[in-house]
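Chain and residue survey
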Amino acid sequence: MSTIFTLATIAAALRLSIPVALAAMGAVVSERSGVLNLGVEGMMLSGAFAAYSAAEATGSPWIGLLAGTGVGALTGALLVLFVVVGRSNQIVTGIAFTLLASYLTTYLFQRNYSIGQVPPRLNRIGLVGLVVMTVVLVVVVYYLLQRTTFGLALGAVGESPEAADALGYDVVRIRSIATVIGGSFAGLGGAALVCGPLGLFIENVTGGRGWVALALVVFSGWKTFPVVAGAFLFGLSDAVQLRLQGTQSALPYEFFLALPYLLTLLALVLRARASRTPAALGVAFVRGAH
Amino acid sequence: MTSLDASPMTLDDDPLEESAPNGRPRNRHQRGQRAVTVSPSVIVPVASLVCALLVGAIVIVVDGANPFEVYRSVAAGVFIDNRGLSDTATAATPLILIALGYALAYRARVFTIGAEGQYLLGAIVSVGVVTADGVRDLPGPVLIALGVMAGALAGAAWGGITGVLWTRFGASIVISSLMLVYVAQALLQWSIRVPIRDPESFVPASRQLGNAQLGELPFLGTHLGFVVAVACGPVLAWLFARHRVGYRISVLGHNPSALDANEVASRRVVMMVVLAAGGLAGLAGFFEMSGVNGRLGSSASLGLGFTGIIVALLGRLHPIGVVAAGLAIAGLDIGFEVSARSHDLPSSLVGVIQALVVVFVVAGDALAARFIGEGE
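Residues numbered from 1 in each chain as written. Chains lettered and ligands numbered in written order. Predicted model: local features only at pLDDT ≥ 70, side-chain atom pairs only at ≥ 80, totals over all residues.

Quick notes on the overall build of chain B
What chain B contains, in helices and strands, is 14 helices and 0 strands. Mapped from its N terminus to its C terminus, chain B presents α and β elements in the order α-α-α-α-α-α-α-α-α-α-α-α-α-α. When burial is assessed residue by residue, chain B has 58% of its 376 residues classed as buried. Taking as baseline every contact in chain B between residues at least 6 positions apart, the subset at least 24 positions apart corresponds to 79%. (Helix = DSSP H or I, 4+ residues; strand = E, 2+ residues; numbered from the N terminus. Buried ≥ 20, exposed ≤ 12 C-beta atoms within 10 Å, placed from the backbone. Contact = placed C-beta atoms within 7 Å.)

Some thoughts on the overall build of chain A
In terms of helices and strands, chain A carries 11 helices and 0 strands. When its helices and strands are written in sequence order, chain A yields α-α-α-α-α-α-α-α-α-α-α. In summary, chain A has a C-alpha radius of gyration of 19 Å against a globular reference of 19 Å for 290 residues, a match within 12%. The principal-axis extent of the C-alpha atoms belonging to chain A is close to 60 × 40 × 30 Å. Taking the intrachain contacts of chain A between residues at least 6 apart in sequence as the baseline, contacts between residues at least 24 apart amount to 82%. (Rg over C-alpha atoms; globule rule 2.2 N^0.38 Å.)

Observations regarding the interface of chain A and chain B
Counting residues at the interface gives 45 residues for chain A and 48 residues for chain B. It is helix α4 (residues 90–112) of chain A that contributes the most residues to the side of chain A that touches chain B, 14 residues altogether. For the side of chain A that touches chain B, the class distribution of residues is 30 nonpolar, 11 polar and 4 charged. (Nonpolar A, V, L, I, M, F, W, Y, C, P; charged D, E, K, R; others polar.)

Considerations on the packing of α4(A) against helix α12 (residues 304–314) of chain B
Look at α4(A) against α12(B): their axes get within 11 Å of each other, and the N-to-C directions meet at 130°. Taken together, the axes of α4(A) and α12(B) lie oblique to each other. Of the two possible hands of crossing, α4(A) and α12(B) adopt the one that is left-handed. Across the interface between the two elements, A:Val92, A:Ile95 and A:Leu99 from α4(A) touch B:Phe306, B:Ile309, B:Ile310 and B:Leu313 from α12(B). Among the residues forming the contact of α4(A) with α12(B), the class breakdown is 7 nonpolar, no polar and no charged. (Axes fitted to C-alpha atoms, helices over the stretch in contact; angles between N-to-C directions. Parallel < 35°, antiparallel > 145°, perpendicular 65-115°, else oblique. Left-handed = near helix turned anticlockwise from the far one by under 90°.)

Thoughts on the nonpolar core
Proteins that are soluble and globular tend to have nonpolar side chains buried together. Judged by nonpolar contacts, the single largest core of 231 residues is most densely connected at A:Ala24, A:Ala51, A:Leu216, B:Ile98, B:Ala99, B:Val273 and B:Val358. By residue number, the principal contributor to this core is helix α14 (residues 349–372) of chain B, which donates 15 residues. With near-sequence residues (within four places) excluded, B:Val273 lies in contact with B:Leu104, B:Ala105, B:Ala108, B:Val110 and B:Ile249. (Core = buried A, V, L, I, M, F, W, Y, C linked by C-beta atoms within 7 Å.)

With respect to helix α4 (residues 84–107) of chain B
Residue and element names in this part refer to chain B. Counted at 1.5 Å a residue, the expected span for α4 with its 24 residues is 34 Å, and the 33 Å between its end C-alpha atoms agrees. Helix geometry: α4 is bent most strongly at Ala-92, by close to 35°, with proline Pro-94 lying one to four residues after it. Most of α4 sits inside the fold, with 21 of its 24 residues counted as buried. A positive phi of about 60° marks Arg-109, the residue just after α4. (Expected span 1.5 Å × (residues − 1). Bend = angle between axes of the 7 residues up to and from the residue.)

Notes on the environment of A:Ile18
All names here are of chain A. Within the element layout of this structure, Ile-18 appears in helix α1 (residues 7–32). For the pair Ile-18 and Thr-6, spaced 12 residues apart in sequence, the C-alpha to C-alpha distance is 19 Å. Each residue touching Ile-18, except ones within four places of it in the same chain, is listed here: Leu-130, Thr-134, Ala-192 and Gly-196.

Observations concerning helix α3 (residues 61–85) of chain A
All names here are of chain A. The terminal C-alpha atoms of α3 lie 35 Å apart, and with 25 residues this matches the ideal 36 Å at 1.5 Å per residue to within 8%. The largest bend in α3 comes to about 25°, at Leu-79. Of the residues trailing α3, Arg-87 is marked for its positive phi of about 55°.

Quick word on the confidence of the model for chain B
Residues and elements named next belong to chain B. Of the residues in chain B, 86% have a pLDDT of 70 or more, and the chain-wide mean is 85. Confidence, read as mean pLDDT per element, is least for helix α1 (residues 27–30) in chain B (38) and greatest for helix α5 (residues 115–130) (97). Every residue in residues 1–38 is under pLDDT 50, and counting partners more than four places away or in other chains gives 97 contacts. Interface confidence in the predicted complex, given as ipTM, is 0.90; pTM for the same model is 0.88. (pLDDT = per-residue confidence, 0-100.)

Focus on the environment of A:Phe185
Residue and element names in this part refer to chain A. Inspection of the secondary structure puts Phe-185 in helix α8 (residues 171–198). Given 31 C-beta atoms within 10 Å, Phe-185 falls into the buried group. Filtering out sequence-adjacent residues up to four positions away, Phe-185 remains in contact with Leu-22, Ala-23, Met-25, Gly-26 and Gly-72.

Encoded structure:
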């Protein structure tokens, strides 16, 4: 086992944890405002595809990241239209978003790169660039949530929208902004996967990382730094999984395929009861309903 | 008709959950609106299908094909082609079974999305049982009965895990059911590589199902599974409308504390729902192996468990509606299979249209709840 936890594994773990960390941070922002976004997986996928297309066209993975973020923000705005303005069921809407994104990106990918043709690989962003970007964003999100008036209002809206409304906060506006921020981070997360560790897009490339991000939000108790730590643990198990696949081991390699998801389940089980859920999470706000 | 948007509630006060989306049903009364007599329950799904096909037509135009031609050949593939209707029935079988399970669960506001995993477990275990040494030479009917039981039990067990994680630890069923899909996919690869592998086979795959294979029924041109799936529709409809189990499920969907107040543990109803939904998905897994695939291979996970969500929502969580929706979605699959190839369109186009259907259903539901007032 000593050969597993080498520097290379740690680096791979960092690379693989950054997409999840970014998406999970976005989910923390939107869930704290009371909007449960089960479309994170779909938004990551949309961002991943947009990033791949843009990076492939321009040759710059950084432009890919921008494109992914932009498309993520757009999907966030679409979700706002459905769940904040239209007050559709947040759980079903999120699932529908993810389904649509999964089929749509598969379709566009098949259409642009017909079968048999090998899709080109991207210039990848180095680890240092990704880490610096992520650290900056973690600090920004932490500061936004904990140290600004907007952050406090955002939390209030997620705990008691009626009270926040009575204090003069615009609940719909705050939730909309939080959801768009969440979408941008999910899109950026997908983009960081494609422009970072992978350097290519394949069908359903995110492989459930959006759902893992949602589980990590619960695990973290809706807090910024713990969610990033949780993402690193996921990345570590993912990296170990990739390393162990090629080696002889007593356990079948399929076990390691399942390992990141089993660990996510474990994290969810350990922390679900202990975490303080925002009181108004998943509940649409209707002025004067009470 | 239960609308997904028509009840305020929390389940054990955990809003992440299988619980508390949305909606304030009394709202429309406050605004002094009256419910309109035409129920949108059929209008929304039909309009959603039409809208999805319209958007699909735009996509087809962008792709450089003629949408009238494409849709004409889709319809011809289903209604004119000799095998069109029976192929549709065969393709609808797993979708209907899986979607009935989702309908059951969503009515109780237990939001699971992991039927794909339960389907796979049903397939793995049932194939393992009916191809085991000493078992596989038994007569066909015995093997099929064994396979049905093994598939349903395995699917129920896999679904039951999510129920236990929720009732004992409060772990979100949405997330845990999906995590278990990935675990089931890993289990599939391992099972056909090691324990139930056909020793003669070069690639990892199970043995052929032999006597356990389902033949084509006369007149219908499809296998027994279709008859079972369609029969489940009225049975569940009766259960929802007339039986106390169905009543408890809808109470859980609307006001779980009322259940607990009447000494029926809401946790027990949640368990029952996830077991039943898992069992239906597991059954679908066995029928698909014995009626279509003939053996378990590495590509058994095709996403039927996710398409089932579309079917359940398009069918408005009503068992009869689900059967109709299953046939409609399967018809699109069968029709597009030929049409997409002959018009040089990507095969995934049909998935886009199917997913658009569900997005329009969700939007239509929200609009209906807001402006018309859906019957509760």
